[in-house]
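# Commentary on secondary and tertiary structure
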Amino acid sequence: TMPEPGSHEFTVRDSQTVYAGAILALRVDEVTMPGETTARREVVEKHGAVAVVARNAAGEIALLSQYRHPIGRRLLEMPAGLLDGGPEETPLQAAQRELAEEAGLAAASWHTLVDLDSSPGFTDEAVRVLLAEELSAADTGEQVHEEADLVLTWRSLDDAVAAVFAGEIVNAIAVAGILAAAALDRGAAGAGARRAPDAPWTDRPRRFDARG
């Protein structure tokens, strides 16, 4: 008999790693389904990631033009990067590092803005977007590869929102961060209480980190 919808326990009968690389792994799980059947599910494991809505005293946010090879062009994005500093690295520490390395900025005020499960149909990748304010200059260090080509620009939040709806800003993390910051400014329901930068993060990925 079929269980009541919402009550089935999806357990893994078998799991095989198909590929394990530098920034992701692909595994195939055999998962129990309602009705005593199983189905194969391909899962891309990744590090967690962080992104930063860095807002200056004038209310402008930092945006980076960065080449993204899978897309084949430069995209307007926020400072962001992987939680690849080891299992003990906190999202705040990673965000501080990425903000300095990519934008040459530090911040005295930090809050969690939104948490995102990037594409949960096939990957466990999750991103924490933090709001950084009270900005100051920081040393970027040596930039290599795509980061050596970064261009930093500043946009008012209203201009950034308009760029989202015009299709100019399409990076999903940037879209979420910009719209969340705009909702915060406008006092949208539920947006008034700022979460701490170390607030609980239910879906922070751990599987890829555990591979060592």
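Overview of the structure.

Calculation rules
- Residue numbers run consecutively from 1 along every chain, following the written order of its sequence.
- At least 70 in pLDDT is required for a residue's local features to be given in this predicted model, at least 80 for side-chain atom pairs to be given and counted, and no such filter applies to totals for whole chains, interfaces and linings, which use all residues.
- Processing note: side-chain calculations cover all non-hydrogen atoms of the structure and skip hydrogens and water entirely.
- A strand pair is defined by DSSP finding two or more bridges across the two strands.
- Only runs of H or I of at least four residues qualify as helices and only runs of E of at least two qualify as strands under DSSP, and these elements are numbered from the N terminus.
- In this description, a line fitted to the C-alpha atoms serves as the axis of each element, helices being fitted only across the stretch in contact, and the angle between N-to-C directions of two axes falls anywhere from 0 to 180 degrees.
- By the convention used here, residues are in contact when the closest approach between their heavy atoms is within 4.5 Å.
- What a helix should span is 1.5 Å times the count of its residues minus one.
- Relative accessibility decides the category of a residue: with a 1.4 Å probe and only protein chains considered, values under 20% of the type maximum give buried, values over 50% give exposed, and everything between is partly exposed.
- N or O atoms within 3.5 Å of each other form a polar contact, as long as, within protein, one can give a hydrogen and the other can take it, and as long as residues adjacent in sequence are counted only when both atoms are side-chain atoms.
- Each reported salt bridge corresponds to a side-chain nitrogen of Lys or Arg within 4 Å of a carboxyl oxygen of Asp or Glu.

### What about the sheet that holds strand β8 (residues 105–117)?
The strand order across the open sheet built from four strands is β7-β4-β9-β8, with neighbouring strands paired in mixed fashion. If you trace the sheet from one side to the other, it starts and ends with β7 (80–82) and β8, each paired once. In this sheet, neighbouring strand axes are inclined to one another by 25° on average, regardless of whether the strands run parallel or antiparallel. Judged from the six bridges that link them, strand β4 (residues 49–54) and strand β9 (residues 126–137) form a sheet pairing that is parallel. The partner of A49 across the bridge, within β9, is V127. The strands that helix α1 (residues 91–103) touches are β4, β7, β8 and β9; relative to β8, the one it contacts most, it runs at about 115°. Sheet strands touched by helix α3 (residues 172–185): β4, β8 and β9. Its angle to β8, the strand with the most contacts, is close to 105°.

### Here's the deal with α3
Spanning 14 residues, α3 covers 20 Å between terminal C-alpha atoms, matching the ideal 20 Å at 1.5 Å per step. Every buried residue of α3 is accounted for by A174, V175, G177, I178, A180, A181, A182 and L184. Packing partners of the buried residues in α3 comprise β4, β5 (60–68), β6 (73–77), β8, β9 and α2 (157–165). Sitting at the head of α3, N171 places a side-chain oxygen 3.0 Å from the backbone nitrogen of I173. Positioned one or two residues after α3, G187 has a phi angle of 70°, which is positive.

### Remarks on the side chain of T32
Residue placement: T32 occurs in strand β2 (residues 24–33). At 3.3 Å, the side chain of T32 forms a polar contact with the backbone oxygen of E9. Discounting chain neighbours no more than four positions away, the residues touching T32 are H8, E9, F10, T11, R13, T37 and T38.

### Comments concerning the pattern of salt bridges
Following the criterion strictly, the structure yields 17 salt bridges and no others. The salt bridge involving D149 is made with R74; its shortest N-O contact spans 3.0 Å. Of this pair, D149 sits in the loop between β9 and β10 (151–156) while R74 is found in strand β6, placing the two residues 75 residues apart along the sequence. Connected through shared salt-bridge partners, R27, D29, E45, R207 and R211 make up one network.

Interpretation in functional terms is not warranted from these geometric data alone.
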